[in-house]
Amino acid sequence: MADQNPKDPKPKGVKPAMPPGVRPAGPKGVKPAMPPGVKPAGPKGVKPAMPPGVRPAGPKGVKPAMPPGVRPAGPGKKPAMPPGVRPAGPGKKPAMPPPGGGDGAPRGLTRQDFATDQDVRWCPGCGDYAILATVQRLMPELGVPRENVVFISGIGCSSRFPYYMNTYGMHSIHGRAPTIATGLKAGRPDLDVWIITGDGDGLSIGGNHLIHLMRRNVDVQLLLFNNQIYGLTKGQYSPTSEFGKVTKSSPYGSIDYPFNPISLVLGAEATFVARTMDRDPKHMKGILRQAHNHRGASFVEIYQNCNIFNDGAFFQFTEKDAKPDTTIFLEHGKPMTFSRGRKGIRLNGLQLEVIDLTDGAWSVDDCLVHDETSREQATILGRLFQQPGLPRPFGVFYRELRPTYDELLQGQIEDVTRRKGPGDLEALLRAAETWEIH
Amino acid sequence: MSDHPQAPEKHVEDLPEATILFAGDSGDGMQLTGSQFTLATAYAMNDLATLPDFPAEIRAPAGTTYGVSGFQLHFGSVHIRTPGDEVDLLVAMNPAALKVNLRRVRRGGAIIVNVDAFEEKNLKLAGYESNPLEDGSLKGYHVIPIELTKLTREALKDSGLNQKEIDRSKNMFALGLALWLYSRPIEPAIEWLSRKFAKKPDVREANLQVLKKGYHYGETTEQFAVRYQVPPAKLKPGTYRAIRGAEALALGLLAAGQKSGLPLFYGSYPITPASDLLHELSRLKNFGVMTFQAEDEIAAVGAAIGASFGGNLGITGTSGPGVALKTEAIGLALMLELPLVVVNMQRGGPSTGLPTKTEQSDLLQAMYGRNGDAPLPIVAASTPGDCFEAAYEACRIAATHMTPVILLADGYLANGAEPWLIPDLDRLIPFRPPFVARPNHESNGHEAFLPYARDPETLARPWAKPGTPNLEHRIGGLEKQHETGNVSYDPDNHQLMTRLRAEKVERVAREFPPTEINGDPEGDLLVIGWGSTRGSIEAAVESARKRGQKVSSLHVRYLNPLPPDLGEIFSRFERLLVPELNNGQFVRILRDRFLLPFVPLNKVQGLPFKTSEITAKIDEMLT
C-alpha cells in the first residue's frame, strides 16, 4: 500500500504545480456548448441547475458536429442546431414550478399519486424499494405532468419497476428497453422517458443497445440498478460480478472479468454519467434530479443491494462505518476530499493519489477540483474502480451538452420540409417518367 | 428520332413480345444498362417485367462465372406477367456471362458477344477449354460477334479519358445497339446520362458518344439484316410509370400513413434485399417520415414498437435472417397488442443463404416462428406494383386491429419492375385507429382506463397515447389480465387471453373481399399461389386454357387468416396444385386447414418459376 500513498517531499507552503487542465472550468476551457437558440430548458421544461462557472452556451463553444444537409440556422457563423429544432414546442411546456423545484408539485401531486394499486413483489429488504420510494418522491417535484412520464424496462428484478409507477409504462423484453425508448422518444420528444435496467439486462444481453443509446444521446434517463448478480434467475454471476465470484453457475469462481459501467458509457460518448447508491436516498434524489434535468441521455449507475443472492456487495461503500473512508462524493467546482475532510485526492501525472490533509504536508488547495465538464478528468475518475486504497466516487462524473437524437431527427424533418415544402403524395406517385394509355 | 434516320435497307419485323438479357461482370454496369433499357421500353408503352440477377459480392473477381451480373427484361404488346422463360437476345460482355446464361437462351435465339473479351485469360477464368465462338458449340444460335471494347476505345480515343474510364463506357455501346435493334427511343437514356454526369462533362460526353455510336452501329453494320419493333401494349387506360417493388412498397406505407393520419416510423438495419426500402423512406423526410438506422435488427423492431406505443405507426423491414432476430420483439408487440408492420423481403435461405436471390421460404417462419401461441396476420404482395396495395393493407390491419402484421415480399418483387397504373388516392379507403382520449370504464363512481377492454366487433384493444391524462397504464410481455392489463398468472385467464388473441386475428378475415378466380369458377384443376409467383402462374393458366384445359387459378393475398371463401372454391375443382418457390410451405398450411389432396410444385433455385415449369406440371396432372 505504500506506493498508493506516496508523500512528495515538497517543502511546506509551496504549492504543487497543478497539471494543466485540472483547474476548475475557466473561460478558456473547451466547453461543450449548446448552440444559440437551443435553450438548456428542454421539453422536460425544467432548467438544468448548472453549477456556477458552467455556462450553458459560450461564444467559444465547440460546434457540435451536424449531419450533412443540416444547415445552421440563421446567418452568420453561429453554431446552430438544425433549423426547426425546437427547444420546447407547443404543449411541451406544461405549467412548471419555478426552477429549482422545491416541493411545489404541479396540480398538487404527491408521492402517492405516483404509486399504483399493484402489490410490490420484490423481496423484503431489497434495495429496489429505496429506489422506488426515491423516484416516487422525486416525481412530484419535477413538475412534469404524470401523463407525460413513461417508464420503460427490460427483464429482471429491477424491470418490474414500471408496474409500480402510476405513469405510462412498458415492461418489455430482455435488454431491449433502450431500443423501445429510442423509438418512443424519437416520435414523441414531448415525453419524459425513463429507462429502468439492471446489470444483466443493461450490460449483458442489452449491452449493445446501451452503448448506442449513449452515443446517439437520446434524451432519456437510464437508471442501471447494479447489484452485481442475476437475481430473477436466482443467483448467477453477472457482467459486473467480481472476478472469481462463486455463484450457482460459477462454483469454482467466475473467470469473467467485470465491466466498469462508468468507463463503459464514457467510452460510448455518454453526455451525463453519474453514480449513486440505494442506501443514500438523499444523494440519489439529487442525482436523479440532475439526470432528469440533463438534456440528453443520462446514465445513472445505482449500487443496489440484493439481500438474497449478493447481500452486502456494496456495504464497504454504503454502510456508515466504512463509507467515509471508501467513498468520495463528487461536487462540481469543489476540491475532492473525503474521510470527513481528512483526506483528499490529487492528480500525480495521470494517476490519482490520496493525500493526507491532517499532517500539514497537503492542504485542500492541493486537491483535484472536480470539473464535470472535463471528459479527460471523468475518464480518470472512472478508473477509480478496483484500485486498492483509493475511494469509490459517487456523484456526477461527466456532463456535456450535445444535440439530442430526438431533436436532430425532428429538426431534420422540419428542415427538409421547409426546403422542399410539405410532401405531396399525389406528386410523388408521378415523380417518374409517366405515360398515358388511352 | 429525327437525327437517327433508319437505314432504309433494314427490314423491320413486328414482334408481339421479346426477352432480352444483358450479362457481364458485376463491374460492367449491367444493372444500369438493364434499367435504362427498361425505361426506354416503358416509353415505348410496352408491358414489361424485369429480373435483375446479381451476385452478393459487390465486385467479384473480374471474368469469373460467380461474378456475373445479369438483367433480364421481358416486354411486349401483349400482357407480360413474367421476366420471360427463354431469352431471345443475350448480350454477353465476356465468356463467363455466356457460360452462365447460355442455357436461358432459346434455340435459334441471338447472342451478341463482346468478341474482344474472348481471349485466353477470360476463357480460362470462365472455365472454357476452347473458344465457344470457334469450336461450333454455339451452333443453333445466331451469334453476332462485335468488337465492343475496340469500337468503344476508337470512339473515345480523343476523349481525354484514361483507358479504364473508356472501357467502363462499353456498356453504353451495348445499350445503344440494343435500343436500335428493338426500335426503342434513345432519348430517355440521353436525358438520364446528361443528368447523371452533369458535373462531369467529359464523362457525360464520352458516354453519350458511345451510346450513339452503338445505336448507329446497328444501322450501318451488315450483321443485322432485321430490326424489330414491339408495338405498344393494350393496357388499361390511365397514367403509367415503371415501378420497382421496393418503391411501390414505400409508397404504400406512405399512403397508409396519410390516410390514417399516423406518422410513420421506420426502423431498419441494412440487409439485402430490404435496404432499398430504408433508402426510399429515408428520402421522404418532408412527408414527416421518421427513419431510424438501428444498431441491429432487434433495435430496429424495438424502436418501431416504441414508436407505436407513442401513437405512431411503427414499421420495420428486413429479410429472413433479420426476422429471426426480431422474433422475440414481434411476440412482445403481439402481447402488447400494438400496431407493428414487419416487412420481410424474402431471400434464399436458411441462414445467410442466397442474399441476392429470390425465394418464398419464410412463410412458415412468419406463420409459426414465435414462442407461445402467437398468431398474427400475414399479407403477401404478388407483383412489384402490388407491393403498394399490400403495404397499405398491412398497415390498415395492424392499426385497426392492434396487432403486428407480417408483410411478405421477396427479392424478385423488391428489385423487379413493371408498368404501374398510378392509383387514384381518393379510392383508397381511409382507416381510423382505435385511439382513446378518456377512461373507458366506471366502477363505484370512479372512472378508470382498462387498456385491454376490447372492441366487441374486432376485439382490438384501445390505443392510449402517452400524454393523455387519466389513461396512464402499464403494459408488458407478461401475461395480461383480461381487460385490466395487470400481470396475471391465473390459469383460466391465460387460456382466455390466448383464445382472445387468436380470435382477434381470425376476425381480420371478416373484412376480406371475395377471392377472385382467374378463369372459370369450376374445372379440372385449380392452381393456388401466393406472393411473387402470380405472374408465372397466370401466364401458365392462360397458356393451358388456350390449349383447352379446364384450369383456373387463384392468388392468396391473405395468408393468415385465410379468406373464408377458399374452402367452397376448392370444392369446385377436381385437382389442386400449389406451386411455391420453397420446399413446400403453403401447401402444408392448406392441407392442415382443408384436409384436401393439394399437390405441391416446388422450386428452390433462387429464381422465379418459368411459365413452362408450371404448364408441364398442369399437363402431368391432367393426363
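Here the structure is shown first, and the text comes after it.
Analysis parameters
Residues numbered from 1 in each chain as written. Chains lettered and ligands numbered in written order. Predicted model: local features only at pLDDT ≥ 70, side-chain atom pairs only at ≥ 80, totals over all residues. Heavy atoms only, no water. Pairing = 2+ DSSP bridges. Helix = DSSP H or I, 4+ residues; strand = E, 2+ residues; numbered from the N terminus. Axes fitted to C-alpha atoms, helices over the stretch in contact; angles between N-to-C directions. Contact = heavy atoms within 4.5 Å. Core = buried A, V, L, I, M, F, W, Y, C linked by side-chain atoms within 4.5 Å. Buried < 20%, exposed > 50% of the residue type's maximum accessible area, 1.4 Å probe, protein only. 1 Å grid on protein atoms, 1.4 Å probe; cavity = no way out; pocket = protein on both sides within 12 Å on 5 of 7 lines; lining within 4 Å. Points joined across faces, edges and corners; volume = space filled by probe spheres on them. Nonpolar A, V, L, I, M, F, W, Y, C, P; charged D, E, K, R; others polar. Buried area = accessible area lost by both parts, 1.4 Å probe. Salt bridge = Lys/Arg side-chain N within 4 Å of Asp/Glu carboxyl O. Patch = residues over 30% accessible without salt bridge, like charges linked within 9 Å, V, L, I, M, F, W, Y side chains within 5 Å. Areas by Shrake-Rupley, 256 points an atom, 1.4 Å probe, with all protein chains shown as cover. Lys, Arg positive; Asp, Glu negative; His and termini not counted. Charge placed at Lys NZ, Arg CZ, Asp CG, Glu CD.

Novice: How should the sheet that holds strand 3 (residues 47-53) of chain B be read in this particular structure?
Specialist: Whether parallel or antiparallel, the strands of a sheet pair through hydrogen bonds between backbone atoms. All names here are of chain B. One open sheet accounts for six strands, arranged 3-4-2-5-6-7; its pairing is mixed. The two strands at the open ends of the sheet, each matched to only one other strand, are strand 3 and strand 7 (142-146). Mean inter-strand twist for the sheet, computed between neighbouring axes without regard to direction, equals 15°. Here strand 2 (residues 17-25) pairs with strand 4 (residues 68-76) via nine bridges, running antiparallel. By the bridge assignment, Glu17 is partnered in strand 4 with Gly76. In the packing of helix 6 (residues 170-181) onto the sheet, contacts are made with strand 2, strand 5 (87-92), strand 6 (105-114) and strand 7, and the angle to strand 2 comes to roughly 170°.

Novice: I tried to follow the nonpolar core on my own but got confused; where do I start?
Specialist: Side chains that are nonpolar tend, in soluble globular proteins, to be buried together. Counting 165 residues, the largest nonpolar core has Met214(A), Leu249(B), Ile305(B), Ile528(B), Phe570(B) and Phe586(B) as the members making the most contacts within it. The leading source of residues in this core is helix 14 (residues 386-401) of chain B, at 10 residues. Aside from chain neighbours lying at most four places away, what touches Phe570(B) is Leu526(B), Ile528(B), Leu554(B), Leu576(B), Leu590(B), Phe594(B), Leu596(B) and Phe598(B). Residues Phe37(B), Phe71(B), Trp192(B) and Val230(B) belong to the second largest nonpolar core, which totals 55 residues.

Novice: Sorry, what's going on with empty space enclosed by the protein here?
Specialist: Gaps between atoms show up when a probe of the same size as a water molecule is rolled over them. Residues and elements named next belong to chain B. Counted according to the given criterion, the structure contains eight cavities of 30 Å³ or more. The space that makes up the largest cavity amounts to roughly 80 Å³. Forming the boundary of the largest cavity are Leu51, Pro52, Asp53, Thr356, Lys357, Thr358, Gly411, Tyr412, Asn415, Gly606, Leu607 and Pro608. Every element with two or more residues in the lining of the largest cavity is listed here: strand 3 and helix 15 (411-415). Of the residues that constitute the lining of the largest cavity, the class distribution is five nonpolar, five polar and two charged.

Novice: I'm lost on the pairing of strand 4 of chain B in this one. Help?
Specialist: Side chains on a regular strand alternate between the two faces of the sheet. Residue and element names in this part refer to chain B. Within strand 4, nine of the nine residues are buried, which leaves the element mostly enclosed by the surrounding structure. Note: strand 3 against strand 4, seven bridges, orientation antiparallel. Bridge pairing links Pro52 to Phe71 in strand 4.

Novice: I would appreciate a short explanation of the interface of chain B and chain A in the present structure.
Specialist: When the parts of a complex come together, some accessible area is lost, and that lost area is often used as the size of the interface. Counting from both sides, the interface comprises 72 residues of chain B and, opposite them, 58 residues of chain A. Summed over both sides, the interface of chain B with chain A buries roughly 5,400 Å², with 62% coming from carbon and sulfur. Between chain B and chain A we count two salt bridges in total. Residue Arg216(A) pairs with Glu295(B) through a salt bridge whose shortest N-O separation is 2.8 Å.

Novice: Could you clarify how one ought to interpret a positive patch on the surface in this entry?
Specialist: All names here are of chain B. A contiguous patch of positive charge, built from Arg59, Lys164, Arg168, Lys196 and Lys200, is present on the exposed surface. Positionally, Arg59 belongs in the loop between strand 3 and strand 4. For Arg59, a relative accessible area of 60% translates into the label exposed.

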